[in-house]
Amino acid sequence: MRHLIAGFLVAGLAGGLVAGAASASDEVAEAARAGQWQLAALRLPEAWRSARGEGAVVAVLDTGVNRRHPDLRGAVIQGPDLTGFDRGPSGRHGTAMASLIAGRGHGDDARGGVLGVAPAATVLSVRVTLESGDPRRGKERFGGRDALARGIRYAADHGADVISMSLGGGSGSWEGSASEEEAVQYAIGKGCVLVASAGNDGASTNRKNFPAAYPGVIAVGAVDRRLRVAPFSNRQYYVSVVAPGTDIVTADAGDSYVVSDGTSSAAAMVAGIAALIRSAHPGMSPYDVRMAIELGTRRRPADGYSPAYGHGVVNALLALREAERLATRGSAQIRTAPVSRAPVVAGMVLLALAMSARVLLRRRERR
C-alpha cells in the first residue's frame, strides 16, 4: 500500500482533490464515505441484502490494528504480536486493511466513515510485520521470517474463516519459504480461505511475490476507477482476480483517514467478499469460495484468464450468486452420492472377482 498523503484526508469531491486536517469530525467522516467509489463498483449495497459478514472471522495478518478507531469499535479481536518488537505507534497499514474488510462507519445511522466490504464481520488482528517506514524493519529478531507462518497457523487454530495478507511489494517476500507454504496448506486443511496481494512492482521488476504465489492462496491485483489494471499491479501467472486498488479511502492509525494506492487494498476487499460468502454459507470449502469469487467476476479476459486481470474484476453481488449456485449443486451431490455410487462400487468389485475366478479356471484347464 502506498500512502499518497500521510496524516491528511484526501477526498475526491467536486472540483478535484481536497485535503483537510485528519480528524473524526462529521464533515471529514462524510467526505471519507463519499470517497469510497468501490462500494458501487463492487455492488455492495445489493450484496448486503443477502449477507453483511455476520458470524465470519477475518484474520488480518499485518502491522496491527487500532481497534479504537471510530469505524472499527467493536469489530476487532486483538491477537498476538509475533514480530518480537515492541508495538510502538504503528498499526497504520493493518488498521487501513481492517477498515476495508470490516469497517462499520460511525455517527448518525453510521453515515460517516469507512464501510468495509463485510461490515458485520469480526477482525482478528495478528501482528506479523512492521510498517514499511519503520527503521527496525531490516533487523533480525525473534519473529524473523517465521512470523508470517506462525501467524497463519495461529489464525487457523483460532477460528478464522478468512486470512487476509496484504503483504505485497516491499512487505512481502520474493523467495517464499517452506514453513510458510506448509502453514498455508495447514490453514486450507482447516477450512480457511487465504487471500494475499499480488505485489506493487508491476511497472518495474514485476517479481513473483509471496505469500500471493503459494498454491491455494487467492492472489489479488489492482484496478483503477475505470476498472483498468493499475500500472503498479504485478502481472503474474498466480493472479486470481483484480479489485479496486487506486484512490482508496481507508482508516488511519489515529482517528483519521488516508487515501492510498496498492494491491494491499484490493486484497483486503476480496477478503471481505470471502467473508460475505462464508457468512451466507458457513460450511463452504475454501475451493468453492474461491470458485465463487472467480466465477462472479466482470471484465473477464477474452481467453478466460490473463496474468494481468486473472479471471476478471471481482463483484460481491455476483460472487454471492455463484456461491449460492455452488452450494445448491454441492447439496444435491451430497444427497445422491451415497445412494448412486455404492451399487456401482459393489458391482465393480463383484465383476473383478468373477473375472479373476475365470482366469484361474482357465489356467488350471491348461495344466
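Details of the structure are given in the entry above.
What counts, and at which threshold
Starting afresh in each chain, residues are numbered from 1 along the sequence in its written order. In keeping with the model being predicted, local features are shown solely for residues with a pLDDT of at least 70 and side-chain atom pairs are shown and tallied solely at 80 or more, while totals for entire chains, interfaces and linings include all residues. Water and hydrogen atoms play no part in the side-chain values, which are based on all heavy atoms of the structure. We define a salt bridge as a side-chain nitrogen of Lys or Arg found within 4 Å of a carboxyl oxygen belonging to Asp or Glu. Secondary structure follows DSSP: runs of H or I at least 4 residues long count as helices, runs of E at least 2 residues long count as strands, and numbering of each begins at the N terminus. For every residue, the accessible area obtained with a 1.4 Å probe (protein chains only) is divided by the maximum for its type, and the residue is called buried under 20%, exposed over 50%, and partly exposed between those limits. A helix is expected to span 1.5 Å multiplied by its residue count minus one. The criterion for an aromatic pair is that two Phe, Tyr or Trp rings (for Trp, the six-membered ring) have centres within 6.5 Å, with stacked assigned to planes under 30 degrees apart, edge-to-face to planes over 60 apart and tilted to the rest. Charge over a ring is defined by NZ of Lys or CZ of Arg lying within 6 Å of the ring centre and within 35 degrees of the ring normal. Asp and Glu are treated as the negative residues and Lys and Arg as the positive ones, with His and the ends of the chain left uncounted. Polar contact criterion, stated in full: a pair of N or O atoms within 3.5 Å, where within protein one must be able to donate a hydrogen and the other to accept it, and residues adjacent in sequence count only if both atoms are side-chain atoms. Contacts are assigned to residue pairs with any non-hydrogen atoms lying within 4.5 Å of each other. Residues enter a nonpolar core if they are buried and are Ala, Val, Leu, Ile, Met, Phe, Trp, Tyr or Cys, with the set joined through side-chain atoms within 4.5 Å. Two strands pair if DSSP finds at least two bridges between them. Orientation is described by axes fitted as lines to C-alpha atoms, over the contacting stretch for helices, and by angles from 0 to 180 degrees between their N-to-C directions. Oblique is the label for any angle not covered by the other classes, which are roughly parallel (under 35 degrees), roughly antiparallel (over 145) and roughly perpendicular (65 to 115). Only Asp, Glu, Lys and Arg are considered charged, only Ala, Val, Leu, Ile, Met, Phe, Trp, Tyr, Cys and Pro nonpolar, and every remaining residue, Gly among them, polar.

Peer 1: Help me understand the pattern of salt bridges in this model?
Peer 2: Once the charged atoms of two side chains with opposite charge are near each other, the side chains can pair. Using the criterion set out here, one finds 11 salt bridges in the structure. Among the ionic pairs, Asp161 bridges to Arg278, the shortest N-O distance being 3.7 Å. With Asp161 in the loop between helix H5 (146-157) and strand E9 (162-165) and Arg278 in helix H7 (residues 263-280), the pair connects residues that are 117 residues apart, well separated along the chain. With a relative accessible area of 6%, Arg278 lands in the buried category. Asp224 is the partner of Arg228 in a salt bridge, and the nearest nitrogen-oxygen pair spans 3.1 Å. Assessed through its relative accessible area of 43%, Arg228 is described here as partly exposed. Since its relative accessible area comes to 15%, Asp224 is described here as buried.

Peer 1: What is the right way to read H7 from this model?
Peer 2: An α-helical turn contains 3.6 residues, so a residue and the one three or four places further along point in the same direction. Given a rise of 1.5 Å per residue, 18 residues ought to cover 26 Å, and the 26 Å separating the end C-alpha atoms of H7 matches this to within 8%. Among the 18 residues that make up H7, 17 are buried, leaving the element largely enclosed by the rest of the structure.

Peer 1: I tried to follow the packing of aromatic side chains on my own but got confused; where do I start?
Peer 2: Centre-to-centre distance and the angle between the planes together describe a pair of aromatic rings. Throughout the structure, instances matching the rule amount to 2 aromatic pairs. Plain terms: the ring middles of Phe210 and Tyr214 are 4.8 Å apart, the flat faces sit at 50° to each other, and that makes the pair tilted. A residue is classified by how much of its surface remains accessible, and Tyr214, at 3% relative accessible area, is buried. When the centroid spacing of 5.6 Å and the interplanar angle of 80° are considered together, the rings of Tyr237 and Tyr238 count as edge-to-face. When its relative accessible area of 7% is taken as the criterion, Tyr238 is described as buried. Positioned above the aromatic ring of Trp48, the side-chain terminus of Arg52 is 5.1 Å from the ring centre. Of note, Arg153 hangs over the ring of Tyr186, and the distance from its end group to the ring centre comes to 4.7 Å.

Peer 1: Help me understand the side chain of Glu131 in this model?
Peer 2: In this fold, Glu131 is placed in the loop between strand E8 (122-127) and H5. Buried within the structure, Glu131 lacks any salt-bridge partner; Arg92 is the closest side chain of opposite charge, at an N-O distance of 6.4 Å. A polar side-chain atom of Glu131 sits 2.8 Å from the main-chain amide nitrogen of Arg92. Engagement of the side chain of Glu131 in a polar contact is seen with the backbone nitrogen of His93, the distance being 3.3 Å.

Peer 1: Whenever I open this one, the environment of Ala102 confuses me. Can you help?
Peer 2: As for its placement among the helices and strands, Ala102 is situated in helix H4 (residues 92-102). Residues Ala102 and Ala275, spaced 173 residues apart in sequence, show a C-alpha to C-alpha distance of 9.4 Å. Those residues in contact with Ala102, other than ones at most four positions away along the chain, are Asp71, Leu72, Ala75, Gly116, Ala118, Pro119, Ala121 and Val123.

Peer 1: Hey, could you run me through the nonpolar core in this one?
Peer 2: Generally speaking, nonpolar side chains in soluble globular proteins are found buried as a group. Counting 58 residues, the largest nonpolar core has Val195, Val220, Val270, Ile277 and Ile293 as its most contacted members. No other element matches the 11 residues that H7 contributes to this core. Grouped together as the second largest cluster of nonpolar side chains are 32 residues, Ala59, Ala187, Phe210 and Val217 included.

Peer 1: Even after reading the chapter, I still don't get the pairing of strand E7 (residues 112-115), so can you show me in this structure?
Peer 2: In regular strands, side chains alternate between the two faces of the sheet. With 2 bridges connecting them, strand E6 (residues 104-106) and E7 associate as antiparallel partners. Following the sheet pairing, His106 is matched in E7 by Gly112. The hairpin turn running from E6 into E7, its antiparallel successor, is 5 residues long, and Gly107 in that turn takes a positive phi close to 90°.

Peer 1: I keep staring at the packing of H5 against helix H6 (residues 178-189) and nothing clicks. Help me out?
Peer 2: What describes two packed helices is the angle between their axes and the distance between those same axes. For the pair H5 and H6, the least separation of the axes is 8 Å and the interaxial angle reads 10°. In terms of orientation, H5 and H6 fall into the roughly parallel class. Across from Asp146, Leu148, Ala149, Ile152, Arg153, Ala156 and Asp157 in H5, the residues of H6 making contact are Ser179, Glu180, Glu182, Ala183, Val184, Tyr186 and Ala187. The residue makeup of the contact of H5 with H6, split by class, is 8 nonpolar, 1 polar and 5 charged.

Peer 1: Which parts of the structure should I look at to understand unusual backbone geometry?
Peer 2: In most cases, non-glycine residues show a negative phi, while peptide bonds are predominantly trans. Here Phe210 and Pro211 are connected by a cis peptide whose omega angle stands at 15°. Relative to the helices and strands, Pro211 resides in the loop between strand E10 (193-197) and strand E11 (218-223). Residues other than glycine seldom take positive phi values, yet Arg43 does so here, at roughly 55°. Here Arg43 shows up in the loop between helix H2 (38-41) and helix H3 (44-47). One non-glycine residue, Asn206, lies in positive phi territory at about 50°. With respect to the helices, strands and loops of the structure, Asn206 is situated in the loop between E10 and E11. Using a relative accessible area of 22% as the deciding quantity, one classes Asn206 as partly exposed.

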